[in-house]
Amino acid sequence: MQLFVDGRPFLILGGELRNSSASSLDYMGPIWERLEAQNLNTVLAGVSWEMVEPEEGRFDFRVLDGLILQARAHRMHLGLLWFASWKNGMSSYVPAWVKSDVHRFPRVRLQGGEEPEVLSPLGADSAAADARAFGALMRHLAKFDAGEHTVLIVQVENEVGILGDSRDRSPLADAAFNGPVPEDWFRYAAANPQDLVPELRARWEANGSRTAGTWTEVFGAGSATDQMFMAWHYARYVDRVAAAGAAAYPIPLYANAWLNEPNAKPGDFPSGGPLAEVLNFWKAAAPHLSLLAPDLYASNFEERCRLFTRCSNPLFIPETNRNAEAARNLYLAVGSFGLIGFSPFAIEANPPTASAVPEADRAAIGKAYAILRQIAPLVLQHQESGDLVGFNLDKEHPSRAVELGGAVLEISLDELFGHRAERGAGLVMATAPGEYLGAGSGFRVIFRNPESIKGRVGIAAVTEGVFRDGVWVPGRRLNGDEDDQGRAWRFSSWEPGIETCTLYRAE
Ligand code: DGJ
């Protein structure tokens, strides 16, 4: 699945602003040039319920309109983050008129009785009020932006889920937890048996594969079941909000996840958010969302990409680190997981706040985007045809072999005269029989024939170049040390680049 903008597939080379930046147009003024200098095509920016509906029923979209105009002036698209009922599990962005009415807008209750500043996802009036505000926002966007499509995508809420307990223990939540698992869940499970994630299937089967009963009867007691229950109710609530928005202006909507670390328990991370192990509940309960997106700061990046592409979920990474490792991960995700968009967090941060971040890390995303902007049309075309591979190599994962375009490509960390690169990342696509295009740095490719093909295969020519306005402009012909005297298609460790390679064959 790909994101289409004005009839063409589009790759979001984005960055997410820090939470408060987009609340002031003056503050944003000088930031845009920094974003352009990093070669972004899209900026993810927060829009908050407290600012757009300061009094119930009175809407104010002036800052949003200004933001859209600023983005247009800088030839930038936007993704909006609807900071409303929940942001990082808390409810700090709801308007004061919601905060001050705990009866109409009930709070979660934790074990022990504490009721923190967090709306319960079981609160029907809360969902209705949030949905009304989001519907108004999307109606406004339809009027203001449908002609230009500056805004491409909208995130509904931010990192939902309950913190400090595995489930809500308010009276409303207790009643639902002790009631039947909704029939909609069983309908989804029956219709999509191939999509059920193994950990969920195992829990269901271990409890007798029941097709009716309470949450504990169907899935057993414990925090994993609590997490499923919360996932269902957060997803239902978010879907209600999303549905109101989609009815007003049908552009892609998604929800993002604060991920769990190994051995963390539901409640250490927001329990009920769209995590990999409960993706099915979100797919079943939130059909108005186009995708569920991991905020991917974790170290096991590749495994998380695999988990978030189960259930036909398109991969979009709205938050990640802003460093050289993230830039390397970008190639991997675009090339091997069909990534539709990437967006390091705090993209506008500059010294002194980011002075702890080394220059190489701050520059890495901009450099990778400079490359991907040039080859995005080809990448998108080859994502669709499938003859594309992306990789991120290091000492623990120094090589991989893949069959592509009729040859086996042995891709490994670059080396020359016994000196091996410590890191390398890139992507390679088969552009025509015996022809490849690659991008990245710090890796090399050796070609051999698959078992089924006899004879000799080797490098005919390697050429570096750039795409100017979509047209390939060749630069140096790379030979000698630059292709290890004909033995390998090499991408230097210094700067990421784009190169083509053609093969010869002989009997
Ligand atoms: C994840 C959240 O989604 C962001 O809004 C922000 O709070 C970051 N964490 C902070 O690193």
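Residues numbered from 1 in each chain as written. Predicted model: local features only at pLDDT ≥ 70, side-chain atom pairs only at ≥ 80, totals over all residues. Heavy atoms only, no water.

## A word on the domain arrangement of the chain
For the chain, the assigned domains read domain 1 (3-187 + 226-385) and domain 2 (389-506). If you look at the interface, domain 1 gives 17 residues, while domain 2 gives 22 residues. Buried surface at the junction of domain 1 and domain 2, both sides included, amounts to about 1600 Å², of which 66% is carbon and sulfur. When the buried area of domain 1 at its contact with domain 2 is split by residue, Arg 328, Tyr 331 and Gln 374 rank highest and sum to 36% of it. Run the count over domain 1 and domain 2 and you get two salt bridges. Across the pair Arg 423 and Glu 325 runs a salt bridge whose closest N-O atoms are separated by 3.5 Å. For the pair domain 1 and domain 2, the number of links is seven residue pairs in polar contact (both at pLDDT 80 or more). (Domains from an automatic or database assignment. Contact = heavy atoms within 4.5 Å. Buried area = accessible area lost by both parts, 1.4 Å probe. Salt bridge = Lys/Arg side-chain N within 4 Å of Asp/Glu carboxyl O. Polar contact = N/O pair within 3.5 Å; in protein donor to acceptor, adjacent residues only side chain to side chain.)

## With respect to the site of the ligand
All residues adjacent to the ligand are Asn 19, Lys 87, Asn 88, Asn 158, Glu 159, Asp 295, Glu 319 and Phe 345. Asn 19 places a side-chain nitrogen or oxygen 2.9 Å from an oxygen atom of the ligand. Glu 159 is positioned with one of its side-chain polar atoms (N or O) 3.3 Å from an oxygen atom of the ligand. When isolated, the ligand has an accessible area of 300 Å², and the protein chains bury 74% of it. For the shell around the ligand, the per-class residue count stands at one nonpolar, three polar and four charged. (Near = heavy atom within 4 Å. Areas by Shrake-Rupley, 256 points an atom, 1.4 Å probe, with all protein chains shown as cover. Nonpolar A, V, L, I, M, F, W, Y, C, P; charged D, E, K, R; others polar.)

## Examining the sheet that holds strand 19 (residues 443-448)
As summarised here, the arrangement of the four strands in space is 13-14-19-22, forming an open sheet in which the pairing is antiparallel. Bordering the open sheet on either side are strand 13 (399-404) and strand 22 (489-491), each of which pairs with just one other strand. Taken over all neighbouring pairs, the strand axes of this sheet differ in orientation by 20° on average, direction set aside. Inspection of the sheet shows strand 14 (residues 407-413) paired to strand 19 by six bridges, in the antiparallel sense. (Pairing = 2+ DSSP bridges. Helix = DSSP H or I, 4+ residues; strand = E, 2+ residues; numbered from the N terminus. Axes fitted to C-alpha atoms, helices over the stretch in contact; angles between N-to-C directions.)

## Concerning the sheet that holds strand 3 (residues 12-16)
A sheet is described by the order of its strands in space; here nine strands give the open sequence 9-11-3-4-5-6-7-8-10, paired in parallel fashion. The open sheet terminates on both sides in strands that have one partner only, identified here as strand 9 (316-317) and strand 10 (319-320). Pairing of strand 5 (residues 77-87) with strand 6 (residues 151-158), which is carried by six bridges, proceeds in the parallel orientation. Residue pairing for strand 6: Leu 80 is matched across the bridge by Val 154. Relative to the sheet, helix 15 (residues 359-385) contacts strand 3 and strand 11 (341-342), its axis offset from that of strand 3 by approximately 155°.

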